[in-house]
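Analysis of the macromolecular model
Each chain, written out:
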Amino acid sequence: MQKNSKEKLGFVGDYITICKGQTFPFKDWLKEQGARYNPKWNWYFPTDVEIPEDMPGDIELIKLYWNQVSANGKDLNNDDTIKEFLDTILYEPTPSEFQGEVGDKLILELTVQKAIGLDGYYGHSTMHIMSDSDDNVYVWTTAAKSWEEGSVHKLIGTVKDHKIYRNCKQTVLTRCREKAS
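These lines cover the structure that appears in this document, whether it is placed above or below. Each chain has its residues counted from 1, running along the sequence as written. Local features are withheld for residues below a pLDDT of 70 in this predicted model, meaning they are given only at 70 or higher, and side-chain atom pairs are given and counted only at 80 or more; totals for whole chains, interfaces and linings count all residues. Excluded from the side-chain calculation are hydrogens and water; included are all heavy atoms of the structure.

Put simply, DSSP marks the helices as runs of H or I at least four residues long and the strands as runs of E at least two long, and each gets a number from the N terminus on. Along the backbone of the protein there are 4 helices and 9 strands. Secondary structure elements of the protein, listed N to C terminal, follow the sequence α-β-α-β-β-β-α-α-β-β-β-β-β. Radius of gyration: over C-alpha atoms. The globule rule applied is 2.2 Å multiplied by the number of residues raised to the 0.38 power. On C-alpha atoms alone, the protein measures out to a radius of gyration of 21 Å, which is more than a quarter above the 16 Å that the 2.2 N^0.38 rule sets for 181 residues. Seen along its three principal axes, the alpha-carbon backbone of the protein occupies a region of about 70 × 35 × 35 Å.

Spelled out as structure tokens, the structure:
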């Protein structure tokens, strides 16, 4: 008899146990203990695998029930729906709130938290992850500038989108320019 998606993924007893936290340094150990890896929820223990009593590092175990990832009881939800749900249980919420409406121009003073270099089809660009004094998070990707982490900038930008990444509400900006003091 052929196994269905639920059984193939290890939801033998209607749940699996997923690992929350920094798992990469312990991937070999997890594999030896019977854990499996799935790109949707990372390392996990199927229902029928005995879970070790002592987990290494800061790994926390969380039960993930089949009905949380399957709306019809047979098939998995789409990847975006699963990711959105998992982000709420794997990542703590942040105080960040969406700012403005799509299309609004905002005048902001932001501190660069991260500057991530990206290489793509059109060349190199930098994704700036920034925050304001109220801990609201903004994202701006540009090929024109690469600001240093920790630097503060007064700028004018247009709200392009609102996104949630790892349970953090982010205001995505476009067409930013520095404002003269």
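More follows now that the structure is in view.
What follows is about the packing of aromatic side chains. Each pair of aromatic rings is reported with the distance of its centres and the angle of its planes. Only rings of Phe, Tyr and Trp enter the pairing, Trp through its six-membered ring, and a pair is recorded when the two centres are within 6.5 Å. The plane angle decides the type: under 30 degrees is stacked, over 60 is edge-to-face, the rest tilted. In total, this model carries 7 aromatic pairs according to the counting rule given. Ring plane angle 85° and centroid distance 5.9 Å describe the contact between Phe-11 and Trp-41, whose orientation is recorded as edge-to-face. Pair noted here: Phe-11 is in the loop between helix H1 (5-8) and strand E1 (15-20) and Trp-41 is in the loop between strand E2 (36-38) and strand E3 (42-45), with a separation of 30 residues, a long-range link. For every residue, the accessible area (1.4 Å probe, protein chains only) is compared with the maximum for its type, and the residue is labelled buried under 20%, exposed over 50%, or partly exposed between those bounds. Using a relative accessible area of 1% as the deciding quantity, one classes Phe-11 as buried. On the accessibility criterion, Trp-41 (0% relative accessible area) is buried. Ring plane angle 50° and centroid distance 5.8 Å describe the contact between Tyr-15 and Tyr-65, whose orientation is recorded as tilted. Of the two residues, Tyr-15 sits in strand E1 while Tyr-65 sits in strand E4 (residues 60-65), which places them 50 residues apart along the sequence.

On to the sheet that holds strand E5 (residues 105-120). By the convention used here, strands pair only if DSSP detects at least 2 bridges between them. Taken in spatial order, the 5 strands of this closed barrel run E5-E6-E7-E9-E8, and their pairing is mixed. Neighbour to neighbour, the strand axes of the sheet diverge by 40° on average, direction disregarded. Across 7 bridges, E5 lies against strand E8 (residues 152-165) in antiparallel orientation. The residue bridging Thr-111 from the neighbouring strand is Val-152, located in E8. A fitted line through C-alpha atoms represents every axis, and for helices the fit uses only the stretch in contact; the resulting angles, taken between N-to-C directions, go from 0 to 180 degrees.

An order of E2-E3-E1-E4 is seen for the 4 strands of this open sheet, with the pairing classed as antiparallel. The sheet terminates laterally at E2 and E4, the two strands that pair on one side only. Between one strand axis and the next, the sheet turns by 40° as a mean value, whatever way the strands run. One ladder, built from 2 bridges, connects E1 with E3; its direction is antiparallel. Residue pairing for E3: Ile-18 is matched across the bridge by Tyr-44.

The next point concerns the pattern of salt bridges. Any two side chains of opposite charge can pair, given that their charged atoms come close. Any Lys or Arg side-chain nitrogen located within 4 Å of an Asp or Glu carboxyl oxygen qualifies as a salt bridge. In total, this model carries 7 salt bridges according to the counting rule given. Residues Asp-14 and Lys-6 are paired through a salt bridge, measuring 2.5 Å at the closest nitrogen-oxygen approach. Between Glu-92 and Lys-20 there is a salt bridge whose closest N-O contact spans 3.2 Å. Residue Glu-92 is found in the loop between helix H4 (79-90) and E5, and its partner Lys-20 is found in strand E1; the two are separated by 72 residues along the sequence.

Bringing the nonpolar core into the picture now. Side-chain atoms within 4.5 Å are what join buried Ala, Val, Leu, Ile, Met, Phe, Trp, Tyr and Cys residues into a set we call a nonpolar core. Phe-11, Ile-16, Ile-18, Trp-41, Leu-64, Val-69 and Leu-86 are the most contacted members of the largest nonpolar core, which totals 13 residues. Listed by contribution, the elements that provide at least two residues to this core are E1, E4, helix H3 (66-69) and H4. Examining the composition of this core, we find that 3 residues originate from one element, H4, more than from any other. Note on definitions: a residue-residue contact is assigned when non-hydrogen atoms from the two residues lie within 4.5 Å. Among all residues touching Ile-16, those that are not within four sequence positions of it are Leu-9, Gly-10, Phe-11, Trp-41, Tyr-44, Phe-45, Pro-46, Thr-47, Ile-62, Lys-63 and Leu-64. Of all hydrophobic cores here, the second largest spans 12 residues; its members include Leu-106, Leu-108, Met-130 and Leu-155.

Let us now look at the environment of Glu-101. Note on placement: Glu-101 falls in the loop between H4 and E5. For Glu-101 and His-162, which are 61 residues apart along the polypeptide, the C-alpha to C-alpha distance reads 8.4 Å.

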